[in-house]
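Working through the structure, step by step
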Amino acid sequence: MTIPGESVTVRAYAPEDAPSTLAVFLDAVTTTVSQHYSPEQIAAWSAPGERDVEEWNLARAGRGTVVAVVEGDVAGFSDVNADGYIDMMFVSPRFGRRGVASALLGAIERRAKSLNAATLWTNASITARPFFEQHGFVVEAKQHPVSRGVRMTNYRMAKQLS
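Owing to the predicted nature of the structure, the values given are computational and were not obtained by experimental measurement. Along every chain, residues carry numbers that run from 1 in the direction the sequence is written. Restriction of local features to residues with pLDDT of at least 70 applies here, the model being predicted, together with a cutoff of 80 or more for giving and counting side-chain atom pairs; totals for whole chains, interfaces and linings are based on all residues. Hydrogens and water are ignored here; the side-chain numbers use all heavy atoms of the structure.

Turning our eyes to something else, we now look at helix H2 (residues 39-46). Along H2, the residues classified as buried are Gln-41, Ile-42, Ala-44, Trp-45 and Ser-46. By the convention used here, residues are in contact when the closest approach between their heavy atoms is within 4.5 Å. We count a stretch as a helix when DSSP gives it H or I for four or more residues in a row; a strand needs E for two or more, and each element gets its number in order from the N terminus. In this fold, the buried residues of H2 make contact with helix H1 (18-31), strand S6 (89-91), strand S7 (119-125), strand S9 (146-147) and strand S10 (150-151). One or two steps after H2, the chain reaches Ala-47, where phi turns positive at roughly 40°. Burial classes: relative accessible area under 20% of the type maximum marks a residue as buried, over 50% as exposed, and values in between as partly exposed (1.4 Å probe, protein chains only).

Relative to the assigned elements, Arg-97 resides in the loop between S6 and helix H4 (100-114). Residue classification places Arg-97 among the exposed residues on the basis of a relative accessible area of 89%. Sequence-wise, Arg-97 and Phe-131 are 34 residues apart; in three dimensions their C-alpha atoms are separated by 10.0 Å.

Attention now goes to the packing of aromatic side chains. Within 6.5 Å between ring centres, the rings of Phe, Tyr and Trp (the latter by its six-membered ring) count as paired, and their orientation is classed by plane angle as stacked under 30 degrees, edge-to-face over 60, tilted in between. One pass over the structure, following the stated rule, counts nine aromatic pairs. Taking the centre distance of 5.4 Å and the plane angle of 70° together, the rings of Tyr-37 and Trp-45 count as edge-to-face. By relative accessible area, which is 5% here, Tyr-37 ends up buried. Judged by centre distance (4.3 Å) and plane angle (40°), the rings of Tyr-85 and Trp-121 are tilted. Of this pair, Tyr-85 sits in strand S5 (residues 85-86) while Trp-121 sits in strand S7, and the two are 36 residues apart along the sequence. An aromatic cluster is present here, built from Phe-25, Tyr-37, Trp-45, Trp-56, Phe-77 and Phe-90 joined pairwise through their rings. The criterion for a charge sitting over a ring is simple: Lys NZ or Arg CZ within 6 Å of the ring centre, and within 35 degrees of the ring normal. We note Arg-60 situated over the ring of Trp-56; from NZ or CZ to the ring centre the distance is 4.8 Å.

The rule for a salt bridge is simple: a side-chain nitrogen of Lys or Arg has to be within 4 Å of a carboxyl oxygen of Asp or Glu. Going through the model one piece at a time under the given rule, you end up with 10 salt bridges. Among the salt bridges present, the one from Asp-73 reaches Arg-94, with a minimum N-O distance of 2.6 Å. Note that Asp-73 is positioned in strand S4 (residues 73-78) and Arg-94 in the loop between S6 and H4, a separation of 21 residues in sequence. Of the charged contacts in the structure, one is a salt bridge between Glu-140 and Arg-156, with a shortest N-O distance of 2.9 Å. A residue pair is termed long-range when its members are at least 10 positions apart, and Glu-140 in strand S8 (residues 138-143) and Arg-156 in strand S11 (residues 154-160) qualify at 16 residues. Residue classification places Glu-140 among the partly exposed residues on the basis of a relative accessible area of 45%. Salt bridges linked by common partners bring Arg-60, Arg-63, Asp-79 and Asp-87 together as one network.

On to the side chain of Lys-159. The topology assignment puts Lys-159 in strand S11. Only 3.0 Å separates the side chain of Lys-159 from the side chain of Glu-109, close enough to count as a polar contact. Those residues within four positions of Lys-159 in sequence are excluded, and the remaining contacts are Glu-109, Ala-118, Thr-119, Leu-120, His-135, Gly-136 and Phe-137. Pairs of N or O atoms are called polar contacts if they sit within 3.5 Å, as long as, within protein, a hydrogen donor faces a hydrogen acceptor (for residues adjacent in sequence, only side-chain-to-side-chain pairs).

Below, the discussion takes up the pairing of S11. Summarising burial for S11: five of the seven residues are buried, a large majority. Any two strands with at least two DSSP bridges between them are considered paired. Taken together, the seven bridges between S7 and S11 define a ladder with antiparallel strand orientation. Counterpart to Thr-119 in the pairing with S11 is Gln-160. Across five bridges, the pairing between S8 and S11 is antiparallel. The residue of S11 that forms the bridge with Gln-143 is Asn-154.

With that settled, the discussion passes to the sheet that holds S11. Here four strands make up an open sheet; going across it, the order is S5-S7-S11-S8 and the pairing mixed. Edge strands, defined here as strands with exactly one partner in the open sheet, are S5 and S8. To get an axis, fit a line to the C-alpha atoms, keeping to the stretch in contact for a helix; angles then go from 0 to 180 degrees between the N-to-C directions. Across the face of the sheet, H4 comes into contact with S5, S7 and S11 while running at roughly 140° to S7.

If you want it as structure tokens, here you go:
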């Protein structure tokens, strides 16, 4: 996928991506979703003081994470497991609305198909719901998980793979 004047490359996650993907996650949660979630919810979700880079690396490596790179900078990341579950999809606010998430979704959809997943599904934030709807996902349920004692809102969304 090409962004005018820029090129997005999606590649497999590597251990050296841990600090930059963690920074993307924290930046996206504290900036991008701030219009839809309260400061208390954002603090519970991001929990920056509880994030350990080594644990983050192990989680990313174990989930088949892919990374989107624009001009040498990590612009976003996502993952998908053999059941088609997308645990995380985050794009740096600096690269928002420039095709990065679409490139990531294309890569993980191809991976899910190669793993013979019949469905892609995720628990999308209020902020991410329109993106997933634009890419063929439908809301199956509105959910209210509790994170660090704080009630959140998200949507279980799914897309059948052909």
